[in-house]
Amino acid sequence: MNRFNVQRIQGSWDGAALRRFSRSTAAMLLCVVVAGYLALGVASSGSFFEGPSVRVFLQYLATPILIGLAQMVALCVGQLNLAVGALGGFTACLMGVLMADHGAPAGVAVIVGLLTATAIGLVTGLVIVATQINGFIVTLATMTILLGAQYRLTGTRTVDGYSPTLRDLGTAAPLNIPLVFVTALVAAALLAAFMYRTVAGRRLLAAGGNPLAARLSGISTDRQIVAAHTLSGLLIGVAAVTATASLPGVNRSIGGDWLLPSFAAPIIGGVALTGGSIAVFGTVLAAFVTRLIDAVRAQFSLDPSWVNLLIGLVVLGTVAGGRLHQTRLRKTGGTAAPPAEGGKQPPAVLPQPGGAR
């Protein structure tokens, strides 16, 4: 095959990929993000485009991205994690108390926080598998326990005397790009590489998309549930670090408003509630959208309850639209083509016992 034919084939593949992306949820969200950001900038007479505004916007975007990714990992195996906010709040308070009350260095507190969040995720997964109780119930119980533990740590006070090193991380923003935001993007990139490029990631998707086929392929669905909750706990731990670094202090209220955004980002981003799909880029863009809605509220001094109402309606509409689309496909006997990012994995990518195909 000569060079001309190779280039022509490569060009056709690139064109097909571009067409698939243009029809994807991620492309639609990208347009919404760009249009919304420009509109908000015009409405603010250009102040939203200035360096300090960009820095603040991105600084408080890191946590929504991370909690959305944490929920996405649980959803990909058909699970729900209701303890996202409680685990993040408990981890943040634990790190704050270690630094402020016990004089622990920032590095030690961060490592303890990450290990604790990961361990709690691991234990949650093990309890779900060992008891065969629905993950909704187990994570609801975990949430209740952690809320009590968070109150036990801080009581009614705000812990704000922690390490200046961690505060410096939260405020550092070379070229007005906060390091906590860069941390969230790096976590998203690593998660995408893990899910798309490794055998372990493909097994998670296989177990969530078709548990029976996964078992016949030699994949333990129980192990994948444990792995998903463990990875979700790790991401929540990273979110707790970014939140602790960005906020002036931590108290019992931190994490209390994380649950709805954690579901909104992956669902709006194109992740199916039935499992077997991920949408890392879509989840990141959906977190941008929810952050834009919050920025609009702040810009026009709207009641915060309107933000939750709007996000809830968008989530409900997204779920209902997806369900109607699936029903229409079943009635017509058609099948949905896999999207550019996320979507059900076809049976051909199911990992075999000896490794990935």
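Look up a bit, the structure's there.
Residues numbered from 1 in each chain as written. Predicted model: local features only at pLDDT ≥ 70, side-chain atom pairs only at ≥ 80, totals over all residues. Heavy atoms only, no water.

1. Things to note about the packing of helix α10 (residues 199-209) against helix α12 (residues 221-246)
One way to put it is that α10 packs onto α12 with a least axis distance of 9 Å and a crossing angle of 110°. Considering the angle they form, α10 stands roughly perpendicular to α12. You can see that α10 and α12 cross each other, and the crossing is left-handed. Between α10, through Ala200, Arg203, Leu204 and Ala207, and α12, the contact on the second element is made entirely by Thr221, Gln224, Ala227 and Ala228. Of the residues contributing to the contact of α10 with α12, the split by class is five nonpolar, two polar and one charged. (Axes fitted to C-alpha atoms, helices over the stretch in contact; angles between N-to-C directions. Helix = DSSP H or I, 4+ residues; strand = E, 2+ residues; numbered from the N terminus. Parallel < 35°, antiparallel > 145°, perpendicular 65-115°, else oblique. Left-handed = near helix turned anticlockwise from the far one by under 90°. Contact = heavy atoms within 4.5 Å. Nonpolar A, V, L, I, M, F, W, Y, C, P; charged D, E, K, R; others polar.)

2. Quick look at the packing of aromatic side chains
Counted under the stated rule, the structure contains six aromatic pairs. Ring centres of Tyr37 and Phe57 lie 5.8 Å apart, and the angle between their planes is 75°; on these two criteria the pair is classed as edge-to-face. In this pair, Tyr37 is assigned in helix α2 (residues 25-43) and Phe57 in helix α3 (residues 51-59), connecting sequence segments 20 residues apart. Accessibility expressed as a relative area gives 3% for Phe57, which makes it buried. (Phe/Tyr/Trp six-rings, centres within 6.5 Å; stacked < 30°, edge-to-face > 60°. Buried < 20%, exposed > 50% of the residue type's maximum accessible area, 1.4 Å probe, protein only.)

3. Description of empty space enclosed by the protein
Empty pockets left among the atoms are what a rolling probe the size of a water molecule brings to light. One pass over the structure, following the stated rule, counts one cavity of 30 Å³ or more. Considering the residues around the largest cavity, the lining is formed by Asn81, Ala83, Leu87, Ile120, Gly121, Thr124, Thr142, His229 and Ile236. Ranked by residue count, the leading element in the lining of the largest cavity is helix α6 (residues 106-131), at three residues. Classifying every residue of the lining of the largest cavity by side-chain character gives four nonpolar, five polar and no charged. (1 Å grid on protein atoms, 1.4 Å probe; cavity = no way out; pocket = protein on both sides within 12 Å on 5 of 7 lines; lining within 4 Å. Points joined across faces, edges and corners; volume = space filled by probe spheres on them.)

4. Re the nonpolar core
Counting 87 residues, the largest nonpolar core has Phe57, Leu61, Ile65, Leu69, Leu191 and Phe288 as the members making the most contacts within it. The residues touching Ile65, leaving out its near neighbours within four places in the chain, are Phe181, Ala184, Leu185, Val284 and Ala287. The next biggest cluster of nonpolar side chains, apart from the first, holds five residues, and it includes Val129, Val138, Ile225 and Val226. (Core = buried A, V, L, I, M, F, W, Y, C linked by side-chain atoms within 4.5 Å.)

5. Focus: unusual backbone geometry
If you check the backbone angles, Ser45 has positive phi at about 60° while not being a glycine. At Asn176, a residue that is not glycine, the phi angle is positive and equals roughly 65°. Taking the relative accessible area as the measure of exposure, Asn176 reaches 28% and is therefore partly exposed.

6. Some remarks on the environment of Leu153
Relative to the assigned elements, Leu153 resides in helix α7 (residues 135-154). In this structure, the C-alpha to C-alpha distance between Leu153 and Phe90, residues 63 residues apart in sequence, is 8.2 Å. Not counting residues within four places of it along the chain, the set of residues in contact with Leu153 comprises Phe90, Cys93, Leu94 and Val97.

7. Looking at the pattern of salt bridges
Applying the stated criterion to the full structure yields three salt bridges. Here Arg291 ties to Asp294 by a salt bridge, and the two come within 3.5 Å at their closest N and O atoms. Placement of the pair is Arg291 and Asp294 together in helix α14 (residues 280-300), with a separation of three residues, close to one helical turn. We classify Arg291 as buried; its relative accessible area is 12%. (Salt bridge = Lys/Arg side-chain N within 4 Å of Asp/Glu carboxyl O.)

8. Observations concerning the layout of surface pockets
Of the pockets and cavities examined, the second largest pocket occupies roughly 730 Å³. Forming the walls of the second largest pocket are 27 residues, and the residues nearest its centre are Tyr60, Pro64, Asp257, Trp258 and Asp294. When residues of the lining of the second largest pocket are traced back to their parent elements, those giving at least two are α4 (62-75), α12, α13 (259-269), α14 and α15 (304-332). Ranked by residue count, the leading element in the lining of the second largest pocket is α14, at five residues. Its residues assigned to classes, the lining of the second largest pocket comprises 14 nonpolar, nine polar and four charged.

9. A closer look at a nonpolar patch on the surface
A cluster of nonpolar side chains, Leu169, Leu175, Ile177, Leu179, Val182, Val186 and Leu190, forms an exposed patch at the surface whose accessible area comes to about 600 Å². It is helix α9 (residues 179-197) that contributes the most residues to the nonpolar patch, four residues altogether. Relative to the elements of secondary structure, Leu179 occurs in helix α9. (Patch = residues over 30% accessible without salt bridge, like charges linked within 9 Å, V, L, I, M, F, W, Y side chains within 5 Å. Areas by Shrake-Rupley, 256 points an atom, 1.4 Å probe, with all protein chains shown as cover.)

10. Thoughts on α6
Along its 26 residues, α6 runs 37 Å from first to last C-alpha, staying within 8% of the 38 Å computed at 1.5 Å per residue. Looking at α6, one finds that the buried residues are Ala106, Ala109, Val110, Gly113, Ala117, Ile120, Gly121, Thr124, Gly125, Ile128 and Val129. Buried positions along α6 lie against α5 (84-102), α7, α8 (164-171) and α12. Count one or two residues on from α6 and you reach Gln132, which has phi positive near 60°. (Expected span 1.5 Å × (residues − 1).)

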